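Report on the structure
Each chain, letter by letter, is given below.
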Amino acid sequence: MGLAKYIIRRTIYMVPLIIGISLVSFLVMYAAGDPIQLATAGNPSITEAQRQFLREYYGLNDPIPIQYLRWLDHFIHGDFGKSLYGGRPVNEIISSLIWETAKLQIISILLAFFISIPAGVYSAVKQRSAADYTVSSIAIFGISVPVFWFGIVLILIFSYHLGWLPSAGAHGAPYLWPVFGIKNEFLDELAHLVLPVTVLTFANLAYNVRLLRAGMLEVLRQDYIMAARASGIPERKVLYKYALKNAITPLLTLLGLSIGGMLAGAPVTETVFSWPGLGRAYVTASLRLDFPLIMGITMIITIMILIANLITDLVYAWVDPRVTID
Amino acid sequence: MNLLEIEYLKTYFFTEAGVVKAVDDVTLSVEKGSTVGLVGESGSGKSVTAQSVLRIVPRPGKIIGGKVLFNGEDLLLKKEEEMRKYRGKKISLIFQDPTSSLNPLFTIGSQLADIVIEHEKVKKDEAMERVVKALRIVKLPDPEHAIYQYPHQFSGGMKQRICIARALLLNPELLFADEPTTNLDVTIQAQIIALLKDLQKELGMTLVMITHDMGIVAEMCKNVVVLYAGNVMESGSIEDIFERPHPYTEALLKAVPRLDETRKLISIPGNIPNLIDPPSGCRFHPRCQYAIDLCKERKPPLEEVGNSHFISCHRWRELQGGRS
Amino acid sequence: MNLRRRSDKEIKERGASQWAVAWRRFKKHRSGLVGLGMIIVLLTIAAFHNVIAPYPARPHPDAFKPLYEGESAQPPSWKHPFGTTVMGTDVFSEVIHGSIYTIYVAVAVTIISMALSVGVGIVSGYFGRLVDDVLMRITEVFLVFPSLLFILLFSRIYQLGVAEPFWNVFGIKIPVGLTIVVVIVSIFGWASYARVIRGEVLRMKECEFIQAAKSLGASSRWIMLRHIFPNILPQVIVLATLTMASAVLVEAAVSFLGFGDPNTITWGRLMEESLQDLSTVWWAEVFPGLAVFLTVLAFNLVGDGLSDALNPRLRE
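Residue positions are given per chain, counted from 1 along the sequence in the order it is written. Labels follow written order: the first chain is A, the first ligand is 1, and so on. In keeping with the predicted nature of the model, local features appear solely for residues at pLDDT of at least 70, side-chain atom pairs appear and are counted solely at 80 or more, and the whole-chain, interface and lining totals rest on all residues.

1. Here's the deal with the overall build of chain A
A tally of regular secondary structure across chain A gives 12 helices and zero strands. Every helix listed is a DSSP run of H or I at least four residues long, and every strand listed is a run of E at least two residues long, numbered separately from the N terminus. Listed by position from the N terminus, the elements making up chain A come as α-α-α-α-α-α-α-α-α-α-α-α. For the C-alpha atoms alone, the extent of chain A along its principal axes is close to 85 × 55 × 35 Å. A separation of at least 24 residues holds for 71% of the contacts in chain A among residues at least 6 apart in sequence. Any two residues are considered in contact once their C-beta atoms, placed from the backbone, lie within 7 Å.

Next up, the structure:
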């Protein structure tokens, strides 16, 4: 009963946040000027009459508060309007891209999470050993390397130089499959995933490992760890059951934040790998000032971040009995 | 027959600042079934001695020499897996701070039952029954319910009872209690001390009471070992130690508040020395009111001066002579 | 009066020895020293960029000299250590000139976001109650913002309004578009640090010396400035170093995606310009990116070293 109530309360709490974020982005965009003027500025063949028609069509002649309320009304009914370029419904664009973004992110986050556990624990347990220095060095490289540059370097090596993996997109046309020795659609998808997943996993892994290592070092100093050893609990169990559960809680918060951070960071990776996802669409939309599409993607990503945060808090409360949800 | 004999134990901590000689040539013995007080100020090496016996000295500490004979077998020569079977089963340790020594993320039942399972290879239900029994022995109210609760749901005194139950789960032969009352309220302290005394009598186990409180020693122990800066200063029966004490023990005894005396509480002047670069000769000499040049130059050996009364002091005999 | 002066002097003395101890510890931190060395090299390069770079910065026409000499799109050689771009500029020179903008971004973002986070963190932690509630709600809003999306959108929109590419401040040309990016990055980056600082302040508020100062009737401002701030300074310094690293990284990403200042040739901008030629002129992509990487690495190494040196609790 407490749980359902809590989720409902948190969801209600999100409403002003979502409205606030949408209002801010809306005002900033429309303060920049007339979107039709901006969008067609470079096109001499468009007449003033046509512009007027477009403004009428997109409802841009109304006062800004009316426009916002109309947008909000449509948003509540699950409609993001139409793209200024080609007039395709934003909903349709988003639903065609969201899966590609989610696929990339979920695989990378999970991989990073599960690789970081043994690496972080081992590094902390063998503090100051050669293995620890290696893990820590890789981790500091990981948090310092620009994702786009690392992606480019991988493309140069594995696509251009060695020709092992495709450099762009999420799918290749079947006639291209023989180039990489691919036999079916699944392998094709896998081949396209390797480089972007590597880049994203590496970036996430670095943060996770650093946090987990620091957490483990702190936890291993605690009396309850010595008490577990003093009671004859085998070392493996001390580390992976009793210590890890305590060290992993900050990692769980990070997991929530990193989902947010990665979704927001999707523009960078997706641009480098020409990945047909929300991030790349956002970059294109922003460069073209395609306002309805910008609003749509911003809202979808914001909502995903909020849901990720809620899930993180729930998991946190589930792991740590001292945290109560209310 | 001695249950535990420690000979020339050396446990050093290899820190970045230097090697801390936390336990240096500690020698002591514990008779089976007795209660022994291990006494000293904080930093004297009491806790590290207990941790060394169990071989759970935290990093960067290392046992670098000596013998730890338990029932005649040297624990320092055992393989890690063999040693593990001693911990919690034959030798147990109660910690100073019950709050930090219970894992906050596991229920009392699950963390205690795990110990039974690891040692006895029993089913979880059976292990839980054993836990409930142990909790009943330490007089924790409503143990059937307590096993499903988390540490933060108990008071400090109750947590220490749980910790004592954890130490007694498998009826160990030897129990170290490392300042078990220091972090508790005064009234709770008395209860815990009474509980330990009762349990020791009922279960007939051997108890090593680690403390800096001479009052507790006087109340509970038959024999006492006095540590200072990682060295044994004195060991012997409680009578010997109270009546013919080592200069350091004498200073410690003067620091005990007593209701029946009006004299001022005397604290020992100076601080516990830096163990990276300990004082030459007798480690206590910089703070000793009787110190002479010899004390600075040569370390006094631990000599048997009476029936099982050992003293490490150049001037003790002379001082006793003067006194009597 | 007398009492106040003495406590002040004591604070200073204790402060001085604390910094000396920290510096001694830092000196033993090998990777921290390497990072510091790299930053010094970067500062030197930036200070003498006009001397070091063989070609002047754009828009000077000589920047395109390799083009006139028929040496565009050349791979690295002795003459052009990082090669040349398709449009005929020398990548080495452009990276050298870009260093100055990197330092500007690192320093400016850090100053703004530290001012925001330290201000909010101290005030929130010190006053508590309603002030804390309101400030922390605001902070939370900033934390859930999909910040990079907003940074991109805001800089795209505000770049539209730039009329003058440079401000002239005492003879120093400050790029307006880059400054806009700096402000936006700072505004979307301070929130998590404010939470860390608030936590520190909360912990310190219970300390006896703060309570003592309060009971002696010291004003809130005095306590915050003279007692709390000096004590959270170590934490602030570590956070500042990490901010520098992330500022450089974020600005590079913004420019790389084409949302940066069109009038400023930053390292990210260099990468953006040559991205379409990646398959042929890889060097125009790899070297500017390497510069970003090494700079960020340097700040992170120093940050790690400082946090080890300033938080002895975490050391054995």
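2. Description of the interface of chain B and chain A
On the chain A side, the residues contacting the 24 residues of chain B number 18 residues. Contributions of two or more residues to the side of chain B that touches chain A are made by α2 (80–86), α3 (98–101) and α4 (108–120) of chain B. When residues of the side of chain B that touches chain A are assigned to their parent elements, the largest contribution, four residues, is made by α4 of chain B.

3. Observations regarding the pairing of strand β10 (residues 231–237) of chain B
All names here are of chain B. When you tally the buried positions in β10, you get six out of seven residues, the bulk of the element. Paired strands, as defined in this entry, are two strands with at least two bridges between them according to DSSP. Here strand β9 (residues 223–228) runs beside β10; their pairing, made up of six bridges, is antiparallel. Bridge pairing links N223 to S237 in β10. In this sheet, strand β12 (residues 309–311) lies alongside β10 in antiparallel orientation, the contact comprising two bridges. Paired with S235 across the two strands is F310, which belongs to β12. Exposure classes come from backbone-placed C-beta atoms, where a residue is buried if 20 or more other C-beta atoms lie within 10 Å of its own, exposed if 12 or fewer do, and partly exposed in between.

4. Concerning the nonpolar core
When a protein is soluble and globular, its nonpolar side chains tend to lie buried together. Throughout this description, the term nonpolar core refers to a group of buried Ala, Val, Leu, Ile, Met, Phe, Trp, Tyr and Cys residues whose C-beta atoms join them within 7 Å. Formed by 254 residues in total, the largest nonpolar core has its most connected members in V131, A165 and M209 of chain B together with I151 and V248 of chain C. Broken down by element, the residue count for this core peaks at 17 residues, all from helix α11 (residues 220–256) of chain C. Residue ranges labeled as domains rest on an automatic or database domain assignment. Structurally, this core is a two-domain feature, drawing no fewer than three residues from each of domain 1 (2–90 + 172–323) and domain 2 (91–171) of chain B. Not counting residues within four places of it along the chain, the set of residues in contact with M209 of chain B comprises T35, V36, G37, L38, A177, I216, M220 and C221 of chain B.

5. Some remarks on the sheet that holds β9 of chain B
All names here are of chain B. Read from one edge to the other, the open sheet built from eight strands follows the order β6-β7-β8-β3-β9-β10-β12-β11, with strand pairing classed as mixed. Strands at the two margins of the open sheet, each flanked by one partner only, are β6 (91–94) and β11 (303–306). Neighbour-to-neighbour, the strand axes of the sheet open up by a mean angle of 20 degrees, direction not taken into account. Where β11 lies against β12, three bridges are found, and the strand directions are antiparallel. From the neighbouring strand, E304 faces β12, where its bridge partner is F310. Each axis is a line fitted through C-alpha atoms, taken for helices only over the stretch in contact, and angles between the N-to-C directions span 0 to 180 degrees.

6. Topic: the confidence of the model for chain A
Averaged over every residue, the pLDDT of chain A is 84; residues scoring 70 or more account for 92%. Each residue gets a pLDDT score, which is the predictor's confidence in that residue and runs from 0 to 100. Looking over chain A, one finds the lowest element-wise mean pLDDT in helix α2 (residues 35–40) of chain A, namely 72, and the highest in helix α9 (residues 223–230) of chain A, namely 93.

7. Quick word on the pairing of strand β8 (residues 206–211) of chain B
Residue and element names in this part refer to chain B. Counting buried residues along β8, six of its six residues qualify, which places the element largely inside the surrounding structure. Burial along β8 is two-sided: T206, V208 and I210 and L207, M209 and T211, pointing in opposite directions, are all buried. Alignment of strand β3 (residues 35–39) against β8, held across five bridges, turns out to be parallel. Considered in β8, the bridge of L38 is made with I210. The parallel pair strand β7 (residues 174–178) and β8, bridged by helix α8 (residues 186–203), forms a crossover whose chirality is right-handed. Look down the strands so they point away from you; if the path from the first strand over the helix to the second goes clockwise, the crossover is right-handed.

8. Comments concerning α4 of chain B
Residue and element names in this part refer to chain B. Between the first and last C-alpha of α4 there are 19 Å, a value that for 13 residues agrees with the 18 Å anticipated at 1.5 Å per step. Taken across its 13 residues, α4 has 10 buried, putting it largely inside the fold. Restricting attention to buried positions, one finds in α4 the residues I108, G109, Q111, L112, A113, D114, I115, V116, E118 and H119. The inward-facing, buried residues of α4 contact α2, α5 (124–137), α6 (143–146) and α7 (156–168). With its phi angle positive at about 55 degrees, K121 sits one or two positions after the end of α4. A helix's residues, less one, multiplied by 1.5 Å, set its expected span.

9. Describing the confidence of the model for chain C
Residue and element names in this part refer to chain C. Overall, the predicted model of chain C reaches an average pLDDT of 84, with 93% of residues at or above 70. Within chain C, no element has a lower average pLDDT than helix α1 (residues 2–28), which sits at 62, and none a higher one than helix α2 (residues 30–47), at 93. Of the regions scoring below 50 in pLDDT, residues 1–11 engages in one contact with residues more than four places distant in sequence or in other chains. Interface scoring of the predicted complex returns ipTM 0.88; its pTM is 0.84.

10. Observations regarding α7 of chain B
Residue and element names in this part refer to chain B. Its 13 residues give α7 an end-to-end C-alpha distance of 18 Å, which sits within 8% of 18 Å, the value for a rise of 1.5 Å per residue. Across the 13 residues that make up α7, a large majority, 11, are buried. M158, K159, Q160, R161, I162, C163, I164, A165, R166, A167 and L168 are the residues of α7 that are buried.

11. Observations concerning the interface of chain C and chain A
A common way to report how large an interface is uses the accessible area buried once the components associate. Listed by partner, the interface residues are 33 residues for chain C and 37 residues for chain A. At the level of elements, α6 (129–144), α7 (147–160), α11 and α13 (283–310) of chain C are the ones that each hand at least two residues to the side of chain C that touches chain A. Here the side of chain C that touches chain A gets 10 residues from one element, more than from any other, and that element is α13 of chain C. Each residue gets one of three labels, nonpolar for Ala, Val, Leu, Ile, Met, Phe, Trp, Tyr, Cys and Pro, charged for Asp, Glu, Lys and Arg, and polar for the others, Gly among them. A breakdown of the residues in the side of chain C that touches chain A according to their chemical character gives 25 nonpolar, five polar and three charged.

12. What to know about unusual backbone geometry
A cis amide bond, omega 0 degrees, links R59 of chain B with the succeeding residue P60 of chain B. Checked against the element boundaries, P60 of chain B lands in the loop between α1 (46–54) and β4 (61–70). The phi angle at S274 of chain A is positive, at roughly 45 degrees, despite the residue not being glycine. Assignment of secondary structure puts S274 of chain A in the loop between α10 (235–272) and α11 (278–288). One non-glycine residue, N71 of chain B, lies in the positive phi region at around 55 degrees. For N71 of chain B, the position within the fold is in the loop between β4 and β5 (73–74). The partly exposed category is assigned to N71 of chain B, around which 14 C-beta atoms lie within 10 Å.

13. Thoughts on the sheet that holds strand β2 (residues 19–31) of chain B
Across a sheet, paired strands are connected by hydrogen bonds in the backbone, their directions being either parallel or antiparallel. Residues and elements named next belong to chain B. Strand order in the open sheet made by the four strands is β2-β1-β4-β5, with antiparallel pairing throughout. Edge positions in the sheet fall to β2 and β5, since each has one partner strand and no second. As judged from the two bridges shared by β4 and β5, these two strands associate in the antiparallel manner. The residue of β5 that forms the bridge with F70 is E73.

14. Some remarks on the environment of P250 of chain A
Residues and elements named next belong to chain A. Mapped onto the secondary structure, P250 falls in helix α10. Taking the number of C-beta atoms within 10 Å as the measure of exposure, P250 has 16 and is therefore partly exposed. In the structure, P250 is positioned 207 residues away from N43 in sequence and 52 Å away in space, judged by C-alpha atoms. If we ignore the near neighbours within four places in the chain, the residues touching P250 are L211 and G215.

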